[in-house]
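# A closer look at the structure
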Amino acid sequence: MIFTLLSSPLQGFTDFRFRNAADQFFGGINTWFAPYIRLHRNPEIKNANKRDLLPENNRVSNLIPQVMTNSAEEFLFVAGYVQGLGYTELNWNLGCPYPMVTKRGLGSGLLKDKERINDLLTRVSAESDIAISLKMRLGYDNSHEILELLPILEKHKIKNIVIHPRLGKQLYKGAADLEMFKKCIENTSHRICYNGDIDSVARFRELKDRFPTINSWALGRGIIANPFLAQMIRSDKNQLPDDWTDQFSHFHDTLFRSYDEALSGPKHILIKTKFLGIFFPIVFKSSQSL
Ligand SMILES: Cc1cc2nc3c(=O)[nH]c(=O)nc-3n(C[C@H](O)[C@H](O)[C@H](O)COP(=O)(O)O)c2cc1C
């Protein structure tokens, strides 16, 4: 079974420290997306984003930066910045569902504005040679939005499109709409990657059987809940490795040390690594139920 596994970005979780440690101890991911860059009033990239993308901070073999914007100028500015660091692709976030973002016509809030998407892609392709990929939901209010957008995207050179088949207004509620995902793949010639709710080997198998033409799959929350997931999918075994507790504790120590070096004082480290607490119960629970 040849397929590509991508790590779908999780702002606040999958920063370079997490990516390096997860890649070192668990493996299985071919390509990592960095959490999005968003420019605020000044066209300036935040130091945290800069640190996250610096080549010397990143040990994973394939990392793709992401931008969330609705302006061609901003896209071009970020494209120039990441190209200066040696990256050749920039992923455009058209999926973020949070009202703070969508109300400003960003993330999934931009999906209904086909003209704006078309204009941005036209201008960026004319003025930059960076490869563009997209990550999107089906729409904000309804899935006509993606069905009307796909024919426009046909006119553009796009490396691939990651589709998370939910609406923005759903946030993470309800089921992913697999029928509509099927309709999307039937209505585009672009390469499509599936994203959404892959949280077990069994779920991955189901989706793989249902969509045999799809060969790239993006894992988001599933990796946080079970950081062994990518290697388990790769080995097609619905079980944790025998020495999972050792592997996990090396990972945990490495990540903790990495935050310890960077953050000042025990309180900060505690806050930052608090999310590690998310892993334990779930990994533990899954080890018992497999
Ligand atoms: C806390 C959190 C942060 C996220 N940050 C980003 C982000 O920076 N860029 C992005 O494209 N998607 C982001 N997402 C969406 C995920 O990448 C993914 O598309 C979504 O969770 C669905 O996939 P999953 O069911 O495998 O988690 C985020 C999701 C969560 C829960």
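As shown above, the structure is provided for reference.
Residues numbered from 1 in each chain as written. Predicted model: local features only at pLDDT ≥ 70, side-chain atom pairs only at ≥ 80, totals over all residues. Heavy atoms only, no water.

## Focus on the overall build of the chain
Looking only at helices and strands, one finds 13 helices and eight strands in the chain. Computed over the C-alpha atoms, the radius of gyration of the chain is 19 Å, within 12% of the 19 Å expected from 2.2 N^0.38 for a compact globule of 290 residues. If you line up the chain on its principal axes, its C-alpha atoms span 50 × 45 × 30 Å. The buried share of the chain, taken over its 290 residues, is 53%. In the chain, the proportion of contacts linking residues at least 24 apart, taken out of those at least 6 apart, comes to 74%. Counting 37 positive and 31 negative side-chain charges, the chain places the averaged centre of each group 4 Å from the other. (Helix = DSSP H or I, 4+ residues; strand = E, 2+ residues; numbered from the N terminus. Rg over C-alpha atoms; globule rule 2.2 N^0.38 Å. Buried < 20%, exposed > 50% of the residue type's maximum accessible area, 1.4 Å probe, protein only. Contact = heavy atoms within 4.5 Å. Lys, Arg positive; Asp, Glu negative; His and termini not counted. Charge placed at Lys NZ, Arg CZ, Asp CG, Glu CD.)

## Some words on the packing of aromatic side chains
Under the definition given, this model contains 13 aromatic pairs. Taking 5.0 Å as the distance between ring centres and 85° as the angle between the ring planes, the aromatic pair formed by Phe-181 and Tyr-194 counts as edge-to-face. Highlighted residues: Phe-181 in helix H7 (residues 178-186) and Tyr-194 in strand E7 (residues 192-195), separated in sequence by 13 residues. Across this residue pair, the class does not change: Phe-181 and Tyr-194 are buried. By way of ring pairs, the aromatic residues Phe-18, Phe-26, Trp-32, Phe-228, Trp-244, Phe-248 and Phe-251 are connected into one cluster. Above the plane of the ring of Tyr-172 lies Arg-137, whose end atom (NZ or CZ) is 5.0 Å from the centre. (Phe/Tyr/Trp six-rings, centres within 6.5 Å; stacked < 30°, edge-to-face > 60°. Lys NZ or Arg CZ within 6 Å of the ring centre and 35° of its normal.)

## Examining the state of the cysteines
By the definition in use, this model includes zero disulfides. Cysteine Cys-184 is unpaired, with the sulfur of Cys-193 as its nearest cysteine sulfur at 13 Å. What makes Cys-184 buried here is its relative accessible area of 1%. The exposure class of Cys-193 is buried, given its relative accessible area of 1%. (Disulfide = S-S within 2.5 Å.)

## Things to note about the packing of helix H3 (residues 72-84) against helix H5 (residues 114-127)
For the pair H3 and H5, interaxial distance at closest approach is 9 Å and the crossing angle is 35°. Like other packed secondary-structure pairs, H3 and H5 cross with a definite hand, here right-handed. Between H3 and H5, the contacting residues are Ala-72, Glu-73, Phe-75 and Leu-76 on the first element and Leu-120, Arg-123, Val-124 and Glu-127 on the second. (Axes fitted to C-alpha atoms, helices over the stretch in contact; angles between N-to-C directions. Left-handed = near helix turned anticlockwise from the far one by under 90°.)

## Focus on unusual backbone geometry
When glycine is set aside, most residues are seen to have a negative phi, and most peptide bonds are trans. With a phi angle near 65°, Asp-197 is a residue other than glycine that sits in the positive phi range. With respect to the element layout, Asp-197 can be found in the loop between E7 and helix H8 (201-210). You will see that Asp-236, though not glycine, has its phi angle at about 55°, which is positive. By relative accessible area, which is 35% here, Asp-236 ends up partly exposed.

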